[in-house]
Amino acid sequence: MAKARILPRKFYLDPPDVVARGLLGKLLVREYETGSGARKKIERLSGRIVEVEAYFGLDDPAAHAFAGKTVRNAVLFGPPGFAYVYFIYGMHFCLNFSCEAEGHGAGVLLRALEPVEGLETMARMRGLAPHANPKLLTSGPGRLCQALGIVRETHNGIDVTRADSGLYVENDRHGPVDVAVSRRIGIRKAAERPLRFTIAGNRFVSG
DNA sequence: GGAGCGATGTCCT
DNA sequence: GGACATCGCTCCG
């Protein structure tokens, strides 16, 4: 098995549709310390990215960045390769990565993963039985955040090109993927634009 | 298996 | 005050 590499800053410099396509088939990794003293160890959770959506900034009525820079969406207007985590519907978090050069406000929303490492921990985080249907773990933007323990307070604004962030994307040289394009989900404005990208036929795609 | 709907916090008008 | 890049429950077939 080839050595996995963390996706570098330049990967995120492209427009969001290009970054979105490029993320499909890559591994989203969450690492954190557990235990203390001699029992301290690193736990690793991961999932293969199977569904993403692209959001252009000021040109895209559906994007959080459309109305301009605010305290909430500031990360999107910063440099590429940072996590934008926001709270939605009073209950859920959603994870995005900033892309394009600073000032554009573009981003990619992560909508679904195929769970790879740490399924039992993910089930616990989701409040499910240890061997629950794996599709319930990370199929959906709110679900994948809960499964990986991603919350705004901790993760909004962190650099996802650094291993020590505890949240990053690896290229583990998984084979090429067959990309399907469709309309973005759960939005009202600019809903017709074909900016949702999935791995064709993958059973962990949401919706 | 699908439609309908309530829960619930934060941000912007 | 309303909208919101969601989820899981109920009810009906």
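Presented here is a report on the structure given in the accompanying data block. The structure displayed is predicted, hence computed values, not measured ones.

Concerning the protein's contact with DNA strand B
As a structural note, the neighbourhood of DNA strand B is formed by T70, R72, F87, Y89, G90, M91 and R152. Backbone atoms, meaning sugar and phosphate, form 52% of the atoms of DNA strand B found within 4 Å of the protein. In the model, a phosphate oxygen of DNA strand B is placed 2.6 Å from a nitrogen or oxygen of the T70 side chain. A breakdown of the residues in the surface near DNA strand B according to their chemical character gives 3 nonpolar, 2 polar and 2 charged.

Some thoughts on the protein's contact with DNA strand C
The environment of DNA strand C is made up of 20 residues, and the closest members are N96, R126, R143, G186 and R188. Of all atoms in DNA strand C that approach within 4 Å of the protein, 58% are sugar or phosphate atoms. Here A62 contributes a backbone N or O atom positioned 3.4 Å from a base nitrogen of DNA strand C. One nitrogen or oxygen atom from the side chain of N96 is found 2.2 Å from a base nitrogen belonging to DNA strand C. Secondary structure elements with two or more residues in the surface near DNA strand C: strand 4 (83–88), strand 5 (92–99), strand 6 (106–117) and helix 5 (141–148). Partitioning the surface near DNA strand C into residue classes produces 10 nonpolar, 6 polar and 4 charged.

Some thoughts on the side chain of H155
Mapped onto the elements of the fold, H155 is located in helix 6 (residues 152–155). What makes H155 buried here is its relative accessible area of 3%. If sequence neighbours within four positions are ignored, H155 has contacts with R30, A83, V85, G149, I150 and L167.

Overview of the pattern of salt bridges
Enumeration over the complete set of coordinates arrives at 10 salt bridges. We note a salt bridge from R48 to D172, for which the minimum N-O separation is 3.0 Å. Taken together, the positions of R48 in strand 3 (residues 41–55) and D172 in the loop between strand 7 (167–171) and strand 8 (179–182) put the pair 124 residues apart, joining distant regions of the chain. What makes D172 buried here is its relative accessible area of 10%. The salt bridge involving R162 is made with D164; its shortest N-O contact spans 2.8 Å.

The rules behind the values
- In every chain, residue numbers begin from 1 and rise along the written sequence.
- Each chain gets a letter, beginning with A, and each ligand a number, beginning with 1, in the order they are written.
- Selection of residues for local features in this predicted model requires a pLDDT of at least 70, selection of side-chain atom pairs for listing and counting requires 80 or more, and totals for whole chains, interfaces and linings are taken over all residues.
- Only hydrogens and water are removed before side-chain values are computed, so all heavy atoms of the structure are retained for them.
- Proximity is defined per residue: any heavy atom of the residue falling within 4 Å of a molecule or strand makes that residue near it.
- Polar contacts, as counted here, are pairs of nitrogen or oxygen atoms within 3.5 Å of one another; within protein the pair requires one atom able to donate a hydrogen and one able to accept it, and residues that are adjacent in sequence qualify only if both atoms are side-chain atoms.
- In the scheme used here, Gly and all other residues not listed as nonpolar or charged are polar, with Ala, Val, Leu, Ile, Met, Phe, Trp, Tyr, Cys and Pro taken as nonpolar and Asp, Glu, Lys and Arg as charged.
- Put simply, DSSP marks the helices as runs of H or I at least four residues long and the strands as runs of E at least two long, and each gets a number from the N terminus on.
- Under the scheme applied here, a residue whose accessible area is under 20% of the maximum for its type counts as buried, over 50% as exposed, and between as partly exposed, the area being computed with a 1.4 Å probe on protein chains only.
- Residue contacts are counted whenever heavy atoms from the two residues lie within 4.5 Å of one another.
- By convention in these notes, a salt bridge is any Lys or Arg side-chain nitrogen within 4 Å of a carboxyl oxygen on Asp or Glu.

Honestly, it's all geometry; don't read function into it.
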